[in-house]
Amino acid sequence: MCESKEERAKVLIVDDEKLNLDLLTHLLSPYYRILLAKNGQQALQRLESSCLPDIILLDITMPGMNGYEVCQQVKSNPRIKDIPIIFITASTSEQHETKGFAMGGVDYITKPYNPVIVLARVKTHIEMKKRGDLLAHYVKMVDKHIIISSTDCAGVITYASDAFCNISGYTREELLGQPHSIIRHPDMPKATFQAMWDTLLKGENWHGEIKNRKRNGDHYWVDAHIEANRTSDGTIVGYTAIRQNITDKKRIEELSVTDRLTQLYNRLRLDEAFRCEVARSRRYGHPLSVILFDVDHFKSVNDTHGHQVGDQVLIHMAQVLKSNVRQSDIPGRWGGEEFLVICPETDESGVFSLAEKLRQAIAAYDFPTVGHKTSSFGVGTIQPEETINGLVHRVDVALYQAKKKGRNRVERSASTSDHSRQT
């Protein structure tokens, strides 16, 4: 199908000699829409309109304002600087060609005109311009809609897409030159980033889900894919991450694994975390421990003050728990008034110390309506080949022993030292 006149590419011919304008018009008009300018000033005026050419054929030698001066003004104007310019000249001087290319010209056509060369060069550069415009359009779409950032090898941000700026709440100026940790959320385990860098430093790609922090303190989740940026010889010079916003997906997941009353993990999520942490513990040979505790005399709270007050006690208990565990710990509501904390990278001594810290924090807390309450604790560290159920059973027995021995205390499970601590 032939293009209509309006659909044809537009060529602006700038020359002070009518003969040259007529010759080029005759040659190009069957294929392109022709715009004419008799001097440099008229050319710049035409370029102020909304009907911009796709290419400019620009005579170098013109009175008043020569072609180089016109080119300089075009290239200094962000609105029109990407329009390719082919210089027209009767000179075959290499010096002139070098100057033209240095100023931003893309090609030269010499007089007298060779029709085949003129048509070929105009066609080539118009097609290159179209491909460049299309690529720029795609890049703009990607920049607007895809969450992308690049860093150098040290993790300092060198590029941030519009979509990245929008979701993070930072301007591009605020992000460039900053370490990527500027958006790191404190909830994310350090082990995740250590594993990420271990993978990237091997030259491999990394993929995973990351919780990030916005400029205003809110958070968002992304599914991230990170690859190395390499030179032609394979040297890594940085990294680029492409992300998908999965915040809504994670919110749905959080609702499914979050206890509605305490906003801690529920039993379903704790079971899943348990399986993952046991597998990791066995793979790397690292210790894994558990704390199980409940509220002393909780039934009397419900009987005396009602279930709404009892619920408030559990809500505040969860707040005390979250405020006193470590970032790597995984606390949750095990059921009723029982709470469980999974403690990766924690041995028998460490889990006992953490439980004792929690016990003291709870005992010192002034709960609304009921005042001070205490809790009893059972702790244990997983043994070789031990099942999750086996470990939970041991700490449950230890918790029962803490109750039996007077409450408000921490008891180690039977397979560890028989020593218990009275408070």
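Preceding this section is the structure that the text describes.
Here goes a summary of the coordinates provided.

Cut-offs applied
- Residues numbered from 1 in each chain as written.
- Predicted model: local features only at pLDDT ≥ 70, side-chain atom pairs only at ≥ 80, totals over all residues.
- Heavy atoms only, no water.
- Helix = DSSP H or I, 4+ residues; strand = E, 2+ residues; numbered from the N terminus.
- Rg over C-alpha atoms; globule rule 2.2 N^0.38 Å.
- Buried < 20%, exposed > 50% of the residue type's maximum accessible area, 1.4 Å probe, protein only.
- Salt bridge = Lys/Arg side-chain N within 4 Å of Asp/Glu carboxyl O.
- Axes fitted to C-alpha atoms, helices over the stretch in contact; angles between N-to-C directions.
- Parallel < 35°, antiparallel > 145°, perpendicular 65-115°, else oblique.
- Contact = heavy atoms within 4.5 Å.
- Nonpolar A, V, L, I, M, F, W, Y, C, P; charged D, E, K, R; others polar.
- 1 Å grid on protein atoms, 1.4 Å probe; cavity = no way out; pocket = protein on both sides within 12 Å on 5 of 7 lines; lining within 4 Å.
- Points joined across faces, edges and corners; volume = space filled by probe spheres on them.

Some words on the overall build of the protein
Each helix and strand in the protein was counted, giving 14 helices and 17 strands. Taken over C-alpha atoms, the radius of gyration comes to 36 Å for the protein, far larger than the 22 Å a tight globule of 423 residues would show. Considered along the principal axes of its C-alpha atoms, the protein spans approximately 110 × 50 × 40 Å. Here the protein holds 423 residues, and the buried ones make up 43% of them.

Regarding unusual backbone geometry
Between Lys-111 and the following residue, Pro-112, the backbone shows a cis peptide bond with an omega angle of 0°. Structurally, Pro-112 is set in the loop between strand 5 (107-110) and helix 5 (115-145). Even without being glycine, Gln-263 reaches a positive phi, approximately 65°. Of note, Gln-263 is situated in the loop between helix 9 (247-257) and helix 10 (267-284).

Here's the deal with the environment of Asp-271
Looking at the element boundaries, Asp-271 is found in helix 10. Classification of Asp-271 as partly exposed rests on a relative accessible area of 29%. Separated by 63 residues in sequence, Asp-271 and Trp-334 place their C-alpha atoms 9.6 Å apart.

Let's talk about the pattern of salt bridges
Side-chain pairs of opposite charge can arise where the charged atoms are in close proximity. A full pass over the atoms with the stated rule returns 27 salt bridges. Between Lys-18 and Asp-22 there is a salt bridge whose closest N-O contact spans 2.7 Å. One end of the pair, Lys-18, and the other, Asp-22, are both in helix 1 (residues 18-28), four residues apart, so they sit about a helical turn from each other. Lys-18 sits in the exposed class, given a relative accessible area of 61%. For Asp-133, the salt bridge is made with Lys-129, and the minimal N-O distance between the two is 2.6 Å. One end of the pair is Asp-133 and the other is Lys-129, both in helix 5 and four residues apart, which spans about a single turn. A relative accessible area of 15% means that Lys-129 is categorised as buried. One connected set of salt bridges, linked through shared partners, spans Glu-209, Lys-249, Lys-250 and Glu-253.

Quick look at the packing of helix 10 against helix 14 (residues 388-404)
Axis separation between helix 10 and helix 14 bottoms out at 11 Å; the angle between their running directions is 105°. Between helix 10 and helix 14, the angle falls in the class roughly perpendicular. Seen from helix 10, the contacting residues are Phe-274, Arg-275 and Val-278; seen from helix 14, they are Ile-388, Leu-391 and Val-392. The residue inventory of the contact of helix 10 with helix 14, partitioned by class, reads five nonpolar, no polar and one charged.

Considering the layout of surface pockets
In this model, the largest pocket occupies a volume close to 1,800 Å³. Together, 40 residues line the largest pocket, and Asp-187, Pro-189, Tyr-265, Arg-269 and Ile-330 are the ones closest to its centre. Mapped onto the lining of the largest pocket, the elements with two or more residues apiece are helix 8 (190-201), strand 8 (206-213), strand 9 (219-230), helix 9, helix 10 and strand 12 (330-335). At seven residues, the largest contribution of residues to the lining of the largest pocket is made by helix 10. Partitioning the lining of the largest pocket into residue classes produces 16 nonpolar, eight polar and 16 charged. Computed from the structure, the second largest pocket encloses a volume of approximately 320 Å³.

All quantities given are derived from atomic positions and should not be read as evidence of function.
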